[in-house]
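# Per-entry structural report
Listed below, chain by chain, are the residues.
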Amino acid sequence: MNSPNRSTHIRLTSHPEPNTATARRPVAWAAGDPKARGPIVGSVTNPADRNVIGAHGGSYALYRALAISARALNPLTRPDLHNTHPTATIGPHPQWSEPGKIVSLDPWGHMVGEIYAEEIASGIDIRPTIAITKARLNMPEILGAMSAKRLKADGVVLHETGDISVTKVAIDPVWYLPGVAARFGTSEGELRRTLFEQTGGMFPELVTRPDMNVFLPPIGNITVYIMGDVTGLGDPKRRIACRVHDECNGSDVFGSDICTCRPYLVHGIEESVREAQNGGVGVIAYNRKEGRALGEVTKFLVYNARKRQEGGDSAATYFERTECVAGVQDARFQQLMPDVLHWLGIRRIDRLMSMSNMKYDAIVGSGIEVVERVPIPPGLVPPDAQVEIEAKKAAGYYTSEGPSDASDLDQVKGRDLERF
């Protein structure tokens, strides 16, 4: 492939032009009819059609740019959406058009190939922001649960091999800026300015294009794993087990024992399988918020600071060390997290596998009932993660045992760096 970029000059989009796309195809967020809402056009094959800030693919747009620069990808290439339609039907649900319920994803993002077929055929490059497929999960801990007789294969949800049948959903972020601002208790203008400044001026349209109120941020996506009948998610008669999990590469993928992330994730999957086998639905919502949304570099710096401090790694200073390095204890701020649950049509969660008050408060505050909160079983907490779990208990994280005594936190120590 040796097609060059579009032309030898750059056309800035920092100010609207006559007959701009936002006038021809405005986005009427939360409209009940997707045609009235209008398509999200963030592709760059024809800049004149764009009606949002940013580009499809989030941070992966940069890899697309590298591929084009290396002349490995034609910049005018458009996806062939034939046979890419969802493998399961999700929605539409009433929450999709309830004001303020969904502001950080496009609820119609998995249906664009069908809803906007005419527009796509006419040459407008409209792309899905949600994809739904089917898969099987295989985790050694599930085989362990089967060996321990906690789970039993049924041939539908859980197979003799330990495989779990799931519906798998990938969701790219699509932010409706007025709604996001309202969630964080700030003005849209202040949010736009802060996003512009803190990304080094990467998106000038944030401050120059008030006609564009939708932003495709360059951040990670959400993945949802659904066990059981997807149509049961919006059925008030069906029980739902759910774990909302924030990414932790070290633990989730490689089994690092300094935190409880993978054990709690696996526990959530086990409970979701059990609920699905009993006729309900299990949901794992996996958010790309590595290191409490501070990033993995910051997380590892905090690990070093914890391990090297005077007195060693201690539950008493767990949160303090993070704040000293990052300036804040936690940057995940769960205000946007419930959106994916509303997109799924969930009104009630019967069993929520989470000790986090931030997550619980965000879910309940968004109008979803939580019947039972399920803490991580003590036997699943790795040795070096005792510091984390005891610090969280003392800080007020949910536990059926009640909070830990703050006076005992100095006695809870982690492994020294010399012992790794």
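Residues numbered from 1 in each chain as written. Predicted model: local features only at pLDDT ≥ 70, side-chain atom pairs only at ≥ 80, totals over all residues. Heavy atoms only, no water.

Looking at the second largest pocket, its volume works out to about 1100 Å³. For the second largest pocket, the lining is made up of 36 residues, of which W175, I219, A293, A331 and L336 are closest to its centre. In terms of residue count, helix 8 (residues 188–198) provides more of the lining of the second largest pocket than any other element does, 5 residues in total. Here the residues of the lining of the second largest pocket sort into 20 nonpolar, 9 polar and 7 charged. (1 Å grid on protein atoms, 1.4 Å probe; cavity = no way out; pocket = protein on both sides within 12 Å on 5 of 7 lines; lining within 4 Å. Points joined across faces, edges and corners; volume = space filled by probe spheres on them. Helix = DSSP H or I, 4+ residues; strand = E, 2+ residues; numbered from the N terminus. Nonpolar A, V, L, I, M, F, W, Y, C, P; charged D, E, K, R; others polar.)

With that settled, consider the nonpolar core. Counting residues in hydrophobic clusters, the biggest one holds 40 residues, and the most contacted among them are L341 and W343. Once residues within four sequence positions are removed from consideration, L341 is found in contact with C242, V244, I346, I349, I363 and I368. If you look at the next biggest cluster of nonpolar residues, it comprises 20 residues, including L151, L158, M227 and I269. (Core = buried A, V, L, I, M, F, W, Y, C linked by side-chain atoms within 4.5 Å. Buried < 20%, exposed > 50% of the residue type's maximum accessible area, 1.4 Å probe, protein only. Contact = heavy atoms within 4.5 Å.)

Looking now at helix 8. Along helix 8, the positions that sit buried rather than exposed are L191, R192 and L195. Looking straight down helix 8, one finds its buried side chains confined to an arc of 100°; they lie on one side. In helix 8, the exposed positions angled more than 90 degrees off the buried face are occupied by R193 and Q198. Residue G200 follows helix 8 closely and has a positive phi angle near 65°. (Arc of directions from axis to C-beta.)

Here we take up the pattern of salt bridges. Evaluation of the coordinates by the stated rule reveals 33 salt bridges. The salt bridge involving E320 is made with R321; its shortest N-O contact spans 3.3 Å. Residue classification places E320 among the partly exposed residues on the basis of a relative accessible area of 42%. Several salt bridges share partner residues, and in doing so they unite R150, E270, E271, R274, R351 and E372 into one network. (Salt bridge = Lys/Arg side-chain N within 4 Å of Asp/Glu carboxyl O.)

Here we come to the UniProt feature "domain: GTP cyclohydrolase II" (unreviewed entry) in the protein. Residues annotated in UniProt with the feature "domain: GTP cyclohydrolase II" (unreviewed entry) correspond here to residues 226–375. The straight-line gap between the two end C-alpha atoms of residues 226–375 is 21 Å; of that span, 41% is helix and 18% is strand. (UniProt positions renumbered as here; feature names shortened; annotations may be inferred.)

Position of K392 relative to the elements: it lies in helix 17 (residues 386–394). Relative accessible area serves as the criterion here: at 14%, K392 is assigned to the buried category. For K392, the contacting residues outside a window of four places in its chain are R292, Y318, F319 and Y397.

A word on the environment of L409. Within the secondary structure layout, L409 lies in the segment after helix 17. L409 sits 122 residues away from N287 along the chain, and the two C-alpha atoms are 30 Å apart. The contacts of L409, once residues within four sequence positions are left out, are S314, A315, A316, E390, A391 and A394.

The next point concerns the sheet that holds strand 5 (residues 214–216). Taken in spatial order, the 3 strands make up an open sheet running 1-5-4, and their pairing is mixed. Two strands bound the open sheet, and with one partner strand each, they are strand 1 (53–54) and strand 4 (175–176). (Pairing = 2+ DSSP bridges.)

Turning next to helix 6 (residues 140–147). Those residues of helix 6 not exposed but buried are I142, A145 and M146. Down the axis of helix 6, the buried side of the element spans an arc of 100°, and every buried residue falls inside it. Summarising the geometry of helix 6, the exposed residues directed more than 90 degrees from the buried face are P140 and S147. Considering only its buried residues, helix 6 is in contact with strand 3 (164–171) and helix 11 (261–277). Directly after helix 6, the chain includes K149, whose backbone phi takes a positive value near 70°.

On to the packing of aromatic side chains, then. In the structure shown here, the tally under the stated rule is 9 aromatic pairs. Centroid distance F203 to F215: 5.0 Å. Interplanar angle 75°. Geometry classified as edge-to-face. Residue F203 is located in the loop between helix 8 and helix 9 (205–208), and its partner F215 is located in strand 5; the two are separated by 12 residues in the primary sequence. On the accessibility criterion, F203 (11% relative accessible area) is buried. Note on F300 and Y303: the rings are 5.8 Å apart at their centroids and 20° apart in plane angle, and the pair reads as stacked. In this pair, F300 and Y303 both sit in helix 13 (residues 296–308), 3 residues apart, roughly one turn of the helix. Here a set of aromatic residues connected by ring pairs shows up, and it is made of W96, W108 and W343. (Phe/Tyr/Trp six-rings, centres within 6.5 Å; stacked < 30°, edge-to-face > 60°.)

Glancing now at the state of the cysteines. Considering all chains together, one arrives at 0 disulfides under this definition. C259 forms no disulfide, and the closest cysteine sulfur to it belongs to C261, at a distance of 3.6 Å. For C259, a relative accessible area of 5% corresponds to the buried category. (Disulfide = S-S within 2.5 Å.)

Between helix 13 and helix 14 (residues 318–326), whose axes approach to 9 Å, the crossing angle comes to 125°. Compared by their axis directions, helix 13 and helix 14 come out oblique. As helix 13 packs across helix 14, the resulting crossing turns out to be right-handed. Along the contact surface, helix 13 presents T298, L301, V302, A305 and R306, while helix 14 presents Y318, R321, T322, V325 and A326. Residues of the contact of helix 13 with helix 14, tallied by class, amount to 6 nonpolar, 2 polar and 2 charged. (Axes fitted to C-alpha atoms, helices over the stretch in contact; angles between N-to-C directions. Parallel < 35°, antiparallel > 145°, perpendicular 65-115°, else oblique. Left-handed = near helix turned anticlockwise from the far one by under 90°.)

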